[in-house]
Amino acid sequence: MSFCPLPPDPTRLSIELNLLREKITQEAEAITAAWTETAEIRPAFRPSAENLANYLALRHADLSAIQPDLAALGLSTLGRAEPHARASLDAVVATLSRLSGKISDEYPDPKAFTEGPARLAARRDTLFGTGASGAPRSRILLTLPTEAATDSDLIPGMIRAGADAMRINCAHDGPEVWQAMIDRIRAAGEEIGRYVPVLMDLAGPKLRTGPVAGPNKQRVFVGDRLDIRRDAPGPKVKHVTTTLSHPDLIDRLIPGMQVFIDDGKIGAEVIEITQKGAKLRVIRAGPDGVKVKPEKGFNLPAVEIDIPALTEEDRVALDFVVGRADMIGYSFVQTPEDIRLLAEEVDKRLAPDGARPALVLKIETGLAVRNLPRLIVQAGALTETAVMIARGDLAVEIGLERMSEIQEEVLWLCEAAHTPVVWATQVLEGLMKQGLATRAETTDAAMAQRADCVMLNKGPYVLETIHFLSRILGRMDRHMSKKSARLAPLRSWRGSLSL
């Protein structure tokens, strides 16, 4: 006689999930109340904020033990509840109620499962363009080189190749070049018949190296001494020496702390703090060493840097940006106060009948990650908002091991907030700069399809890279929508499968 295992008890699961739902409801209401105390949320964003609160409350619980039992009953395991957290939970509870012989819980309105994704898609199209007919769902945001201001064929070629939106980096060039770029974008969009939004990215207060001096052509190797001076180094220093754009941060260093330069190409450990500055020992530089260069990023992962997110240079740039850009990229944003500060500066420059441009929050630090729900709600309360995963600086700040996990969690959180995500930093960089993509880059580009927009940087092979990325995104669209697998027919095994 064969043994037939019993399925999980739906009555037990119903009781467990009802208790969980009560707890989640209370926590979500508390989260929403805390947000609305400090920010008046736009009506258009309020449902998204409420869903985010429900999702956070849901994910504060450990659902992993109950998921196999739900799957065994053919029910949702709540693993794809991001855009409709409460409705997903309510639907499972209602089905368990019926399996238990009760009909005490009503099913949610079917619209509850489509409204969130529709809001997210609409915001993606508003911020990053509607895309060409048949284009991938993930939009392509392209960083413009200086020559885009003078080359009459470059921007139209980029748009025809598949670029959906254009990024102007305010850390480079100036108003005359920016205006020429914008004029060419608007003219090309009108000629081709597509809306091509413009993102202008504020430079922000990025901590950078200053002048560099020292022997061996300023190249350092593992084990070398590297000095950080409070004042400019002289020409005859014994060791490679540089300064910082914010020299007061030297006082935040302590022996044993690790710092990183040039997107982590150079890693060093603090040995000693002196009146002149800090002495460091290089612990990462590659087998051929790395040249220390001025104006390169300097990361202090163990230090929460509390310098203002908006610099005087950014304020000058805003005089041009407001009224011309569709989106403002906010570098080094870390707190809701940073967002309110930028909104005040934007409002000072708005025309009487002008609308605030959208904000793209660049997540670059551990503090920004921890504050992400508050940042999204504060920005979304004021204007249309997107989040950029600035994976270069963020990976250095939180470590490469955490980076893979955090970029996933950012995607989930933003989907719950119906907020578009930009996947940024070194996407297909080998193809863009050398004309040849690596396998790792191709896989990274395929993973980027789960974001709402993918950012490409500059390089001589820009048209080839746009075409290549667009094809990858289109192929992945057949199989994935965010975390959900699309069960489109497999094309690779249509022939005979007999042995």
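What counts, and where the lines are drawn
- Residues numbered from 1 in each chain as written.
- Predicted model: local features only at pLDDT ≥ 70, side-chain atom pairs only at ≥ 80, totals over all residues.
- Heavy atoms only, no water.
- Pairing = 2+ DSSP bridges.
- Helix = DSSP H or I, 4+ residues; strand = E, 2+ residues; numbered from the N terminus.
- Axes fitted to C-alpha atoms, helices over the stretch in contact; angles between N-to-C directions.
- Contact = heavy atoms within 4.5 Å.
- Expected span 1.5 Å × (residues − 1).
- Buried < 20%, exposed > 50% of the residue type's maximum accessible area, 1.4 Å probe, protein only.
- Parallel < 35°, antiparallel > 145°, perpendicular 65-115°, else oblique.
- Left-handed = near helix turned anticlockwise from the far one by under 90°.
- Nonpolar A, V, L, I, M, F, W, Y, C, P; charged D, E, K, R; others polar.
- Phe/Tyr/Trp six-rings, centres within 6.5 Å; stacked < 30°, edge-to-face > 60°.
- Lys NZ or Arg CZ within 6 Å of the ring centre and 35° of its normal.
- Lys, Arg positive; Asp, Glu negative; His and termini not counted.
- Salt bridge = Lys/Arg side-chain N within 4 Å of Asp/Glu carboxyl O.
- Polar contact = N/O pair within 3.5 Å; in protein donor to acceptor, adjacent residues only side chain to side chain.
- Disulfide = S-S within 2.5 Å.

Once that is clear, we can look at the sheet that holds strand β14 (residues 358–363). Ordered by their spatial adjacency, eight strands build a closed barrel running β1-β2-β3-β13-β14-β15-β16-β17, and the pairing between neighbours is parallel. The average angle at which neighbouring strand axes cross in this sheet is 25°, direction not considered. Of the pairings in the sheet, the one linking β14 to strand β15 (residues 385–390) comprises five bridges and is parallel in character. When the sheet's bridge partners are listed, lysine 362 is paired in β15 with methionine 388. Strands β1 (139–143) and β17 (453–456) of the sheet are contacted by helix α16 (residues 462–477), whose axis makes an angle of about 160° with β1.

For helix α4 (residues 85–99), which comprises 15 residues, the first-to-last C-alpha distance of 22 Å matches the rise-based estimate of 21 Å (1.5 Å per residue) to within 8%. Buried residues dominate α4, accounting for 12 of its 15 residues. All of the buried residues along α4 are Ala85, Ala87, Ser88, Leu89, Asp90, Ala91, Val92, Val93, Ala94, Thr95, Leu96 and Ser97. Where the residues of α4 are buried, they touch α1 (10–38), α2 (46–59) and α3 (67–72).

Here α1 crosses α2 at 135°, and the two axes come no closer than 8 Å. Taken together, the axes of α1 and α2 are oblique relative to one another. Where α1 crosses over α2, the two elements pack in a sense that is right-handed. Contacts from Ile24, Glu27, Ala28, Ile31, Thr32 and Trp35 of α1 reach α2 at Ala49, Glu50, Leu52, Ala53, Asn54, Leu56, Ala57 and Leu58. Grouping the amino acids of the contact of α1 with α2 by side-chain chemistry returns 10 nonpolar, two polar and two charged.

Attention now goes to unusual backbone geometry. Although it is not a glycine, aspartate 262 adopts a positive phi angle of roughly 60°. With a phi angle near 50°, leucine 428 is a residue other than glycine that sits in the positive phi range.

What follows deals with the packing of aromatic side chains. Considering all chains together, one arrives at one aromatic pair under this definition. The residue whose ring lies beneath lysine 483 is tryptophan 412, and the NZ or CZ to ring-centre distance is 4.6 Å.

This part is about helix α13 (residues 400–416). Here α13 contains 17 residues, and its C-alpha end-to-end distance of 25 Å stays within 8% of the 24 Å for a straight helix at 1.5 Å per residue. Just beyond α13, the residue with positive phi is histidine 418, at close to 55°.

Residue position: methionine 158 is located in helix α6 (residues 154–161). The exposure class assigned to methionine 158 is buried, which follows from its relative accessible area of 1%. Taking C-alpha positions, methionine 158 is 36 Å from asparagine 371, a pair spaced 213 residues apart along the chain. Other than its neighbours up to four places away in sequence, methionine 158 contacts Leu142, Leu144, Pro145, Ala163, Met166, Val462, Leu463 and Ile466.

Checked against the element boundaries, aspartate 314 lands in helix α8 (residues 312–321). No salt bridge is formed by the buried aspartate 314, whose closest oppositely charged neighbour, arginine 315, lies at an N-O distance of 7.1 Å.

Moving on: the side chain of histidine 418. Tracing the sequence through the fold places histidine 418 in the loop between α13 and β16 (421–424). For histidine 418, the side chain forms a polar contact with the side chain of serine 48, separated by 2.9 Å. Among residues more than four places away in sequence, those in contact with histidine 418 are Pro47, Ser48, Asn51, Pro83, Gly116, Arg119, Leu120 and Arg123.

Mapped onto the secondary structure, isoleucine 168 falls in strand β2 (residues 165–169). When the C-alpha positions of isoleucine 168 and alanine 232 are compared, they lie 32 Å apart, and in sequence the two are 64 residues distant. In this structure isoleucine 168 touches Leu144, Trp178, Met181, Ile182, Val198, Leu199, Met200 and Asp201, once residues within four positions along its chain are discounted.

What follows covers the state of the cysteines. A complete count under the given rule lists zero disulfides for this structure. Free of any disulfide, cysteine 170 has its nearest neighbouring cysteine sulfur in cysteine 453, separated by 17 Å. Given a relative accessible area of 11%, cysteine 170 falls into the buried group. Looking at the unpaired cysteine 453, the closest cysteine sulfur is the one in cysteine 414, lying at 13 Å. Taking relative accessible area as the criterion, cysteine 453 reaches 0% and is therefore assigned buried.

Counting through the fold element by element, threonine 36 comes out in helix α1. Given a relative accessible area of 43%, threonine 36 falls into the partly exposed group. Note: C-alpha distance between threonine 36 and alanine 49 (13 residues apart in sequence) is 9.8 Å. A polar side-chain atom of threonine 36 sits 3.1 Å from the main-chain carbonyl oxygen of alanine 33.

Structural measurements only, silent on function.
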